[in-house]
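Summary of structural features
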Amino acid sequence: MTRRDDVARRLRGILRPSTGAVRAQRDLGDELASESAAAAERAGGTGEEPGHRDIDEAEGGIVSHYVSGPSEVRHPGSGRDPASADQAGHSERESAGGSRSLDLSAHAEQLLRKRIVVLSAEIDDAIANTITAQLLLLEDADATADITFFINSPGGSVTAGMAILDTMNLVKPDVATCAMGLAAGMAQLLVSSGTPGKRSAIPQAVVALSLPQLQPDPSPVRLALLDKWTSEVVGLIAAGSGQPVERVRADAERQRRFTAAEALVYGLVDRVTENRARG
């Protein structure tokens, strides 16, 4: 049995009701994070994520973070109370290699059974591995039923985000996206890349455009890579929203923010969800 087959088998077990499902999911997340850390050590012992290190050093440094802005965005681990994260249904843990993984509670298992995927952290390789695995598993379980993807994130790694986006386009089921809280940078791109007609935002959500960013004093190679990714990101947003490329680029350069209603008018989402009836 290959490593991929083993991971797929164990993920299927997580979806099936069992008393050990939560523990199995946590153990699998730890194992994948440990493998990522070991790969980073073999690549140079720096503790950086392998994908980012290869690009930053071997290819000249592709942008590693695509977020809405450090002055207003609180990144994971930057002072947020861990207890409040646990109450929300998960906590974030850091592996020996420095990468984050999600310690998912029983709520995640229940959500997966209802074909719901949640992104609620800064996007990095560990988060992307979790999301892409869930999307592929849900396709395997039922290739005709929709997947609902809730997104509340300040953005993050372009390469990790593109892995999620490509998987969304790869799987057969429609992926209905829903912005909640803040969907900025790469997270905004994921929201607007959902299945046309099935992209939404809850009434109080904030959707923010921004462009990929580089470290200070970039080399010519890095600048070329930044240009490539910027053009691709702007093109995808323009295609999804129906806005001219020039307008999208100008709005992203000034990190324009939208209310849910404004995002609807701009074309980033297709509808604003109504509150569910009570009683």
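Residues numbered from 1 in each chain as written. Predicted model: local features only at pLDDT ≥ 70, side-chain atom pairs only at ≥ 80, totals over all residues. Heavy atoms only, no water.

Next up on the list: the environment of valine 175. Tracing the chain through its elements places valine 175 in strand 7 (residues 175-184). On a C-alpha basis, the gap between valine 175 and valine 191 in space is 9.8 Å, while along the polypeptide they are 16 residues apart. Sequence-distant contacts of valine 175, defined by excluding residues within four places in its chain, comprise Ile147, Phe149, Met168, Gly194 and Thr195. (Helix = DSSP H or I, 4+ residues; strand = E, 2+ residues; numbered from the N terminus. Contact = heavy atoms within 4.5 Å.)

A few words on the pattern of salt bridges. In the structure shown here, the tally under the stated rule is eight salt bridges. With its nearest N and O atoms 2.8 Å apart, the salt bridge here joins lysine 198 to aspartate 174. On the criterion of sequence distance, the pair formed by lysine 198 in the loop between helix 8 (186-192) and strand 8 (199-201) and aspartate 174 in the loop between helix 7 (158-170) and strand 7 is long-range, its members being 24 residues apart. Here lysine 228 makes a salt bridge to glutamate 232, at a shortest N to O gap of 3.6 Å. Here the residue lysine 228 and the residue glutamate 232 both occupy positions in helix 9 (residues 220-241), the gap between them amounting to four residues, near one helical turn. For glutamate 232, a relative accessible area of 35% corresponds to the partly exposed category. (Salt bridge = Lys/Arg side-chain N within 4 Å of Asp/Glu carboxyl O. Buried < 20%, exposed > 50% of the residue type's maximum accessible area, 1.4 Å probe, protein only.)

Right, let's talk about the pairing of strand 4 (residues 116-119) for a bit. Sheet topology places strand 4 next to strand 5 (residues 147-153); four bridges connect them, and they run parallel. Bridge assignment links valine 117 to a residue of strand 5, and that residue is phenylalanine 149. With helix 6 (residues 125-141) bridging strand 4 and its parallel neighbour strand 5, the resulting β-α-β unit is right-handed. (Pairing = 2+ DSSP bridges. Right-handed = clockwise from strand over helix to strand, strands pointing away.)

On to the packing of helix 6 against helix 7, then. Interaxial distance between helix 6 and helix 7 falls to 8 Å at its minimum, and their mutual angle equals 5°. The angle between helix 6 and helix 7 falls in the class roughly parallel. Side by side, helix 6 and helix 7 meet where Asp125, Ala128, Ile131, Thr132, Leu135, Leu136 and Glu139 of the first sit next to Ala160, Ala163, Ile164, Thr167, Met168 and Leu170 of the second. Counted by class, the contact of helix 6 with helix 7 contains nine nonpolar, two polar and two charged residues. (Axes fitted to C-alpha atoms, helices over the stretch in contact; angles between N-to-C directions. Parallel < 35°, antiparallel > 145°, perpendicular 65-115°, else oblique. Nonpolar A, V, L, I, M, F, W, Y, C, P; charged D, E, K, R; others polar.)

Turning to unusual backbone geometry, a few remarks are in order. Look at arginine 115: it is not a glycine, yet its phi comes out positive at around 65°. Within the secondary structure, arginine 115 is located in the loop between helix 5 (106-113) and strand 4. With a phi close to 50°, glutamine 255 is a non-glycine residue in the positive phi region.

Turning our attention to helix 7. In a regular helix each residue adds 1.5 Å, so 13 residues correspond to 18 Å; helix 7 covers 18 Å between its end C-alpha atoms and thus fits that length. Those residues of helix 7 that fall on the buried side of the exposure criterion are Val158, Ala160, Gly161, Met162, Ile164, Leu165, Thr167 and Met168. (Expected span 1.5 Å × (residues − 1).)

Right, let's talk about the pairing of strand 7 for a bit. Two faces, one strand: in a regular strand the side chains alternate between the faces of the sheet. The buried fraction of strand 7 amounts to eight of the 10 residues, a majority that puts the element mostly inside the structure. Where strand 5 and strand 7 come together, six bridges link them in parallel fashion. By the bridge assignment, isoleucine 151 is partnered in strand 7 with alanine 179. Pairing analysis gives three bridges linking strand 7 to strand 8, with the strands arranged parallel. Bridging from a neighbouring strand, threonine 177 pairs with arginine 199 of strand 8. For the segment spanning strand 7, helix 8 and strand 8, crossover handedness is right-handed. Strand direction decides the pairing type here: strand 7 and strand 9 (residues 206-208), joined by three bridges, are parallel. Paired with alanine 183 across the strands is valine 207, a residue of strand 9.

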